[in-house]
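Coordinate inspection notes
Next come the chains, spelled out residue by residue.
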Amino acid sequence: GKVIFNGHIVDREKAIIHIEDRGFQFGDGVYEVIRIYNGKPFTLKEHIDRLYASAQKIYMEIPYSKQEVKDLIINLLEQESASTCNLYLQISRGVVPRNHVIPETASPTLIGYLMPGTRPVDLMKTGGKAVITEDLRWHYCDIKSISLLGAVLAKKKATDAGCLEAILHRDGIITEGSSTNIWMVQNGKLFTHPANQFILNGITRQKVISLLDFNQLPYEETGFTVEQLQNADELFLTSTTMEIIPIVEVDGVKIGNGTPGDVTRKLQTLFEREIEHECGH
Ligand code: PLP
């Protein structure tokens with residue numbers, strides 16, 4: 001197959017990363033995962049804008065225009081005859097002799113390729129389980145950084161417990177999941193952590209907020225406690241690849257009546273319409 005490599009579309013075997021690429025050695029880079037439905041990217045502009053915002057936060061200048069990156073993606077989707085899958089896009093600082101100091105001249109390494117991925121339709125209906133664990137990551141969670149060891153270790157706690165996700169808290173306040181944003185419904189109102197340095201402002205999170213605004217559904221971007229989460233009427237997570245997944249059990253205890261709630265299911269329906277509207281069906 002073909003991949004995006006430094007401004008070109010090349011055969012996958014031709015895209016080889018240098019041992020002194022700072023992405024490889026320092027996790028010095030940023031990335032995006034973009035959902036492709038029926039060969040069409042969903043919320044492409046939002047993802048590209050966030051990629052550039054993440055790059056800016058790490059003092060990295062992307063040597064391509066946003067339009068050039070979008071064109072590369074559209075080109076790749078065409079060449080690969082993409083249907084429903086995920087696009088992984090990463091840009092690292094580039095290749096320089098190993099040194100912590102950010103180099104003044106380095107040309108960033110851009111890669112992009114398609115990964116298989118079907119929609120988690122069963123999980124959307126049945127919901128999944130989660131564990132709660134302390135958020136031991138860093139204070140740069142707003143950057144979509146490729147330094148993901150904290151997230152990897154958190155996710156291990158979930159999979160070790162036979163769960164889908166690890167829900168993280170800082171000092172008893174729920175931040176987000178290891179690779180998802182977390183939402184609570186209480187008395188018909190939705191709550192999610194505000195977009196600051198403690199969470200990644202998910203594109204799916206932002207899409208849900210726009211749906212809530214448009215449909216005049218009450219919500220608050222406010223931190224809520226572990227105890228509030230345990231006593232929530234409904235809980236769900238959002239992410240590009242997972243979309244909207246009900247969480248029906250946390251640390252072995254049922255949330256609400258242990259089945260996906262009405263508000264969650266309504267949002268799933270509204271989200272589905274967004275996908276249809278943007279990518280056809
Ligand atoms: N939070 C974290 C830590 C993530 O890694 C992700 C996605 O991978 C999300 C939230 C969800 O973001 P998005 O909806 O943009 O996929």
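Preceding this paragraph is the structure being described.
This report concerns the structure included in the present document.

What counts and what doesn't
Residues numbered from 1 in each chain as written. Predicted model: local features only at pLDDT ≥ 70, side-chain atom pairs only at ≥ 80, totals over all residues. Heavy atoms only, no water. Helix = DSSP H or I, 4+ residues; strand = E, 2+ residues; numbered from the N terminus. Buried < 20%, exposed > 50% of the residue type's maximum accessible area, 1.4 Å probe, protein only. Contact = heavy atoms within 4.5 Å. Pairing = 2+ DSSP bridges. Axes fitted to C-alpha atoms, helices over the stretch in contact; angles between N-to-C directions. Near = heavy atom within 4 Å. Polar contact = N/O pair within 3.5 Å; in protein donor to acceptor, adjacent residues only side chain to side chain. Areas by Shrake-Rupley, 256 points an atom, 1.4 Å probe, with all protein chains shown as cover. Nonpolar A, V, L, I, M, F, W, Y, C, P; charged D, E, K, R; others polar.

A few words on the side chain of His-193. Turning to its location among the elements, His-193 is positioned in the loop between β11 (189-192) and α6 (203-214). Note on His-193: relative accessible area 6%, which makes it buried. Once residues lying within four places of it in the same chain are set aside, the contact partners of His-193 are Ile-173, Ile-174, Thr-175, Phe-198, Ile-199, Arg-205, Thr-222 and Gly-223.

Taken together, 6 strands build an open sheet; the order of strands is β2-β1-β6-β5-β3-β4 and the sheet is antiparallel. Bordering the open sheet on either side are β2 (8-11) and β4 (40-41), each of which pairs with just one other strand. Of the pairings in the sheet, the one linking strand β3 (residues 29-37) to strand β5 (residues 85-92) comprises 8 bridges and is antiparallel in character. Note on β5: the bridge partner recorded for Val-33 is Tyr-88. Lying over the sheet, helix α2 (residues 44-57) contacts β3, β4 and β5, oriented at roughly 175 degrees with respect to β3.

The local shell around the ligand holds 16 residues, among which Arg-50, Glu-176, Ile-203, Thr-204 and Thr-240 are the closest. Measuring from a nitrogen atom of the ligand, one finds a side-chain N or O atom of Glu-176 at 2.6 Å. For the ligand, whose accessible area on its own is 390 Å², the fraction buried by protein is 90%. For the shell around the ligand, the secondary structure elements donating two or more residues are β9 (173-177), α6 and β13 (234-239). Residues of the shell around the ligand, tallied by class, amount to 2 nonpolar, 10 polar and 4 charged.

Turning our attention to unusual backbone geometry. In the Ramachandran plot, Thr-43 falls in the positive-phi region, its phi being about 50 degrees despite a non-glycine side chain. Summarising the element assignment, Thr-43 is placed in the loop between β4 and α2. Using a relative accessible area of 4% as the deciding quantity, one classes Thr-43 as buried. Positive phi, normally seen in glycine, also occurs at Asp-171, with a value near 50 degrees.

Purely geometric numbers; function is a separate question.
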